[in-house]
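# Secondary and tertiary structure notes
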Amino acid sequence: MAVNPEQYQPSNHTSTKDKFNNFVSLVHLLRSDDGCPWDRELKIHSLREKLIEEAYETVDAINSGNYQHIADELGDLLLHVVMHSAIAQNDGEFNIDNVMDNVTSKLIRRHPHVFGEIVATNKGDVEKLWSQIKSSENNGRIKAPSSMSPMEQNITLQSKAQLSGTDTVSEMVQRLSQHISRVESSVANGTEHNGTERTDANGTEHNGTERTDASKNINIEGAHHLGMIVSEAFAIMLKSGYSPLSIMSEVNKTISIEA
């Protein structure tokens, strides 16, 4: 027997509390015996890639500036939060109440300037305070999600480091120059120049060859400094108020690859 949809229609619920409870009930219905076989078989791990996709789609919507589109994509993200919570509840792990309790406690804990005596008068003060509290919760470590791409991890780590760092842009540029010099030294040391004449077993003289493919002659130390060049570049962008991902997107537009 089909479920009557009327009781779940948003128009039949007025307050935010009722609307949210109705939405949670709807998700649980979809996972029940009277619901959908596909939803019922969902597991938290099976939704990982889709969650990432929805997050990127939300970012695209924000970039578009279309608020209706943003609202739609945020709804999809909310579905993931509630669906993951429903799955975990069925597994006897946690439920949506636990999720809300955790994030509420976190917000209170990380806003001592609102709920305590600490003073923060501007955005910069708040960001540094938030970073310090989060760092103390992570035993002083600055972390980035391991599921991010290496580039995104580096940008995230640099972004968090900038909140507590005091380096100036000129100091960062100086370090960048030092890393470039180390790469240049690695290339110079790894490249074979004109060799001396040699004689083989048959008495025939040969001129030494010159190898100029420097891209294959960077040692592990040089490769490390190449990575640090990228990292310092991201740090300079962030310190200067630019988004590295946005800048990389613009750079990619100028790169043409012919088949």
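Preceding block: the structure.
Below, the discussion takes up the overall build of the chain. Helix and strand counts for the chain come out as 11 helices and 2 strands. When its helices and strands are written in sequence order, the chain yields α-α-α-α-α-α-α-α-α-β-β-α-α. The buried share of the chain, reckoned over its 259 residues, is 20%. Sequence separation of 24 or more characterises 50% of the internal contacts of the chain that already satisfy a separation of 6 or more. Looking at the chain as shown, the accessible area adds up to about 18300 Å², and 54% of this sits on carbon and sulfur atoms.

When charged atoms on two side chains of opposite charge get close, those side chains can pair. Inspection of the entire model under this criterion finds 7 salt bridges. Among the salt bridges present, the one from R109 reaches E137, with a minimum N-O distance of 2.6 Å. Of this pair, R109 sits in helix α5 (residues 96-109) while E137 sits in helix α7 (residues 123-137), and the two are 28 residues apart along the sequence. R109 gets classed as partly exposed once you look at its relative accessible area, which sits at 42%. The exposure class of E137 is partly exposed, given its relative accessible area of 30%.

Let us look at the side chain of E54. Relative to the elements of secondary structure, E54 occurs in helix α3 (residues 48-64). Here E54 falls in the buried class, since its relative accessible area comes to 8%. With sequence-adjacent residues up to four places away left out, E54 is seen in contact with E73, D76, L77 and H80.

A few words on a nonpolar patch on the surface. Among the surface-exposed residues, M100, V103 and L107 lie close enough to one another that they form a single nonpolar patch of about 230 Å² accessible area. Position of L107 relative to the elements: it lies in helix α5.

Next up on the list: the nonpolar core. If you look at the biggest cluster of nonpolar residues, it comprises 9 residues: V24, V27, L42, L47, V82, M83, A86, I87 and I96. For this core, the secondary-structure elements that each account for two or more residues are α1 (16-30) and α4 (67-90). In terms of residue count, the dominant contributor to this core is α4 (4 residues). What V27 contacts, discounting residues up to four positions off in sequence, is L79, V82, M83 and A86. In terms of nonpolar packing, the next biggest core, distinct from the first, is built from 6 residues, L176, I229, A235 and I236 among them.

Procedures and definitions
- Residues numbered from 1 in each chain as written.
- Predicted model: local features only at pLDDT ≥ 70, side-chain atom pairs only at ≥ 80, totals over all residues.
- Heavy atoms only, no water.
- Helix = DSSP H or I, 4+ residues; strand = E, 2+ residues; numbered from the N terminus.
- Buried < 20%, exposed > 50% of the residue type's maximum accessible area, 1.4 Å probe, protein only.
- Contact = heavy atoms within 4.5 Å.
- Areas by Shrake-Rupley, 256 points an atom, 1.4 Å probe, with all protein chains shown as cover.
- Salt bridge = Lys/Arg side-chain N within 4 Å of Asp/Glu carboxyl O.
- Patch = residues over 30% accessible without salt bridge, like charges linked within 9 Å, V, L, I, M, F, W, Y side chains within 5 Å.
- Core = buried A, V, L, I, M, F, W, Y, C linked by side-chain atoms within 4.5 Å.

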